[in-house]
Amino acid sequence: MIKLLEIINKVKTEHKLSKQEIISLLNNNDINQELFKAADEIRKKYVSDEVQLRGLIEFTNICKNNCLYCGLRRDNKNLVKYRLTENQILDFASKAKSFGYKTIVLQGGEDDYYTKNKIIKIIKGIKSLDLALTLSIGEKTYDEYKAFRDAGTDRYLLRIETTDKTLYEKLDPGMSHENRLDCLRNLKKLGYEVGTGVMVGLPNQTIESYANDILYFKEINADMLGIGPFIPNEDTPLAGCKGKELTMALKVMAITRLILPDINIPATTAMESLNTNGRLMALQSGANVVMPNVTEGEYRKYYALYPGKICTGDTPVHCRSCITGKINSIGRTVSTNYGFRGNKNTK
Ligand code: SAH
Ligand code: SF4
């Protein structure tokens, strides 16, 4: 225990850990409070008490992939499918702006209906509103990523899901781990702020594998890191799995903050889905970003990655004031800048 407390103290100044040190921290639950407290201090020191809000638009729940864990998978026939039109997307984005958001995250399944040119039009529309834009639309070619970047996209989110290649290829049939790594390299090369991340609690995922995940985040110097507990979905082949490892997800997140002190780390929606205070717990254990939903109407409930997704009956206005209240209740404030890495206003 004393040894582990020394490790926590050391990483607060050195921002480096060996694989064995990460494994020891993940394996021992007696030091969790000290770990979360250290991550909270480093978050405050490097990215202040300001919480970055990103308005999330879930623009299509149609996906050509068949990831075993995900409710949007191709073979799930129990889902009402939808696609938003360009006008709907721009309408949600401009309303989000009027509620004070500075960043839009456009996320969806891998849906080829949205061709390169359609996406470029949407990007230009959102950028003309003077908003920062994050895309999260999966694996694309280098040329597509380049075109989206040239059109003004600032950031891209593509979780590696797990750095365990064998596990990844089992859970994501027909997809290649090497290609996903390539995509992340290409995004970095093109000058995006790059976000990646993993799920925690997948079947057969190990502590050693989480340690490799964390070392990978450091190696690629990710600008954003989303870590979410895996929540089994009834409409998928992983229905019977256990998942729901909130504490382990918070630990992986806290260690990530300690070794990458100035990056943006969201308190993920999946964390709140497992505990009504999940996002506040995350914000007090290293996270500094929240991504409230700004999609309106029925669509929210159909974007069913996993069950128990929060706020599916709420409006964007409600979400905005609800989250601001929660953030203020723990003595933090909502940022008014664009929220690039290091809490800078511009890149
Ligand atoms: N199609 C894009 C973006 C949408 S999926 C992509 O795959 O990158 C967004 C994220 O949802 C995925 O990266 C995955 O980590 C997460 N997710 C999917 N199913 C989940 C589940 N059952 N529990 C928790 N997170 C899940
Ligand atoms: Fe599609 Fe993304 Fe879900 Fe995989 S995780 S099925 S790529 S939406």
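Before any of the text, the structure's been laid out above.
Since we're looking at a predicted model, the values are computed, not measured.

Draft legend 1. Structural context of the sheet that holds strand β1 (residues 50-53). The three strands are arranged β8-β1-β9 in an open sheet whose pairing can be described as parallel. Of all strands in the sheet, those with a lone pairing partner are β8 (289-290) and β9 (333-334), marking the two edges. Two strands pair when backbone bridges link them, and β1 and β9 are joined in this way by two bridges, in the parallel orientation. Directly across from Val51, in β9, lies its bridge partner Val334.

Draft legend 2. Quick look at the site of ligand 1. Taken together, 17 residues are adjacent to ligand 1, and Tyr69, Gly108, Arg159, Glu161 and Ile231 come closest. Interatomic distance of 2.9 Å between a backbone N/O atom of Tyr69 and a nitrogen atom of ligand 1. Within the side chain of Glu161, one N or O atom sits 2.6 Å away from an oxygen atom of ligand 1. A total of 550 Å² of accessible area belongs to ligand 1 in isolation, and the protein chains cover 92% of it. In terms of residue class, the shell around ligand 1 is built from ten nonpolar, four polar and three charged.

Draft legend 3. Here's a closer look at the side chain of Gln52. Checked against the element boundaries, Gln52 lands in strand β1. Among the polar contacts made by the side chain of Gln52, one reaches the side chain of Ser335 at a distance of 3.2 Å. Dropping the residues within four chain positions of it, Gln52 is found in contact with Asn264, Asn288, Val289, Val290, Ser335, Asn337, Tyr338, Gly339 and Asn343.

Draft legend 4. Broad picture of the nonpolar core. Counting residues in each nonpolar core, the largest one holds 102 residues, and the members touching the most others are Ile57, Phe59, Tyr69, Ile104, Leu106 and Ile126. Sorting elements by how many residues they give to this core places helix α10 (residues 246-259) first, with ten residues. In contact with Tyr69, not counting residues within four places along its chain, are Glu161, Leu171, Asp172, Met199, Leu202, Phe230, Asn233, Thr236, Leu238 and Leu305. Of all hydrophobic cores here, the second largest spans six residues; its members include Leu56, Met224, Val289 and Met291.

Draft legend 5. Structural detail: the pattern of salt bridges. Across all of its chains, the model carries 28 salt bridges by this definition. The closest approach of N and O atoms between Asp111 and Arg83, which form a salt bridge, is 2.8 Å. On the criterion of sequence distance, the pair formed by Asp111 in the loop between β3 (103-108) and α5 (116-127) and Arg83 in the loop between β2 (55-60) and α4 (86-98) is long-range, its members being 28 residues apart. On the basis of relative accessibility, which here comes to 5%, the residue Asp111 falls in the buried class. Residue class for Arg83 comes out partly exposed when judged on its relative accessible area of 36%. Between Asp262 and Arg341 there is a salt bridge whose closest N-O contact spans 3.1 Å. Taken together, the residues Asp262 in the loop between α10 and α11 (269-274) and Arg341 in the segment after β9 connect sequence positions 79 residues apart. Look at the salt bridges and you will find they share partners, linking Asp40, Arg43, Lys44 and Asp49 into a network.

Draft legend 6. Region of the structure containing unusual backbone geometry. In the Ramachandran plot, Glu161 falls in the positive-phi region, its phi being about 70 degrees despite a non-glycine side chain. Mapped onto the fold, Glu161 is located in the loop between β5 (155-157) and α7 (165-171). Residue class for Glu161 comes out buried when judged on its relative accessible area of 12%.

Draft legend 7. Inspection of the site of ligand 2 at higher detail. Looking at ligand 2, the residues that line it are Cys63, Asn65, Cys67, Tyr69, Cys70, Leu72, Arg73 and Gly109. A per-class count over the shell around ligand 2 returns five nonpolar, two polar and one charged.

Draft legend 8. Structural context of α4. Given a rise of 1.5 Å per residue, 13 residues ought to cover 18 Å, and the 18 Å separating the end C-alpha atoms of α4 matches this to within 8%. Of the residues making up α4, those classed as buried are Ile89, Phe92, Ala93 and Ala96. Around the axis of α4, the buried residues are gathered within 100 degrees of arc, so they sit on the same side. α4 presents Asn87 and Ser98 as exposed residues on the side facing more than 90 degrees away from its buried surface.

Calculation notes
- Residues numbered from 1 in each chain as written.
- Chains lettered and ligands numbered in written order.
- Predicted model: local features only at pLDDT ≥ 70, side-chain atom pairs only at ≥ 80, totals over all residues.
- Heavy atoms only, no water.
- Pairing = 2+ DSSP bridges.
- Helix = DSSP H or I, 4+ residues; strand = E, 2+ residues; numbered from the N terminus.
- Near = heavy atom within 4 Å.
- Polar contact = N/O pair within 3.5 Å; in protein donor to acceptor, adjacent residues only side chain to side chain.
- Areas by Shrake-Rupley, 256 points an atom, 1.4 Å probe, with all protein chains shown as cover.
- Nonpolar A, V, L, I, M, F, W, Y, C, P; charged D, E, K, R; others polar.
- Contact = heavy atoms within 4.5 Å.
- Core = buried A, V, L, I, M, F, W, Y, C linked by side-chain atoms within 4.5 Å.
- Buried < 20%, exposed > 50% of the residue type's maximum accessible area, 1.4 Å probe, protein only.
- Salt bridge = Lys/Arg side-chain N within 4 Å of Asp/Glu carboxyl O.
- Expected span 1.5 Å × (residues − 1).
- Arc of directions from axis to C-beta.

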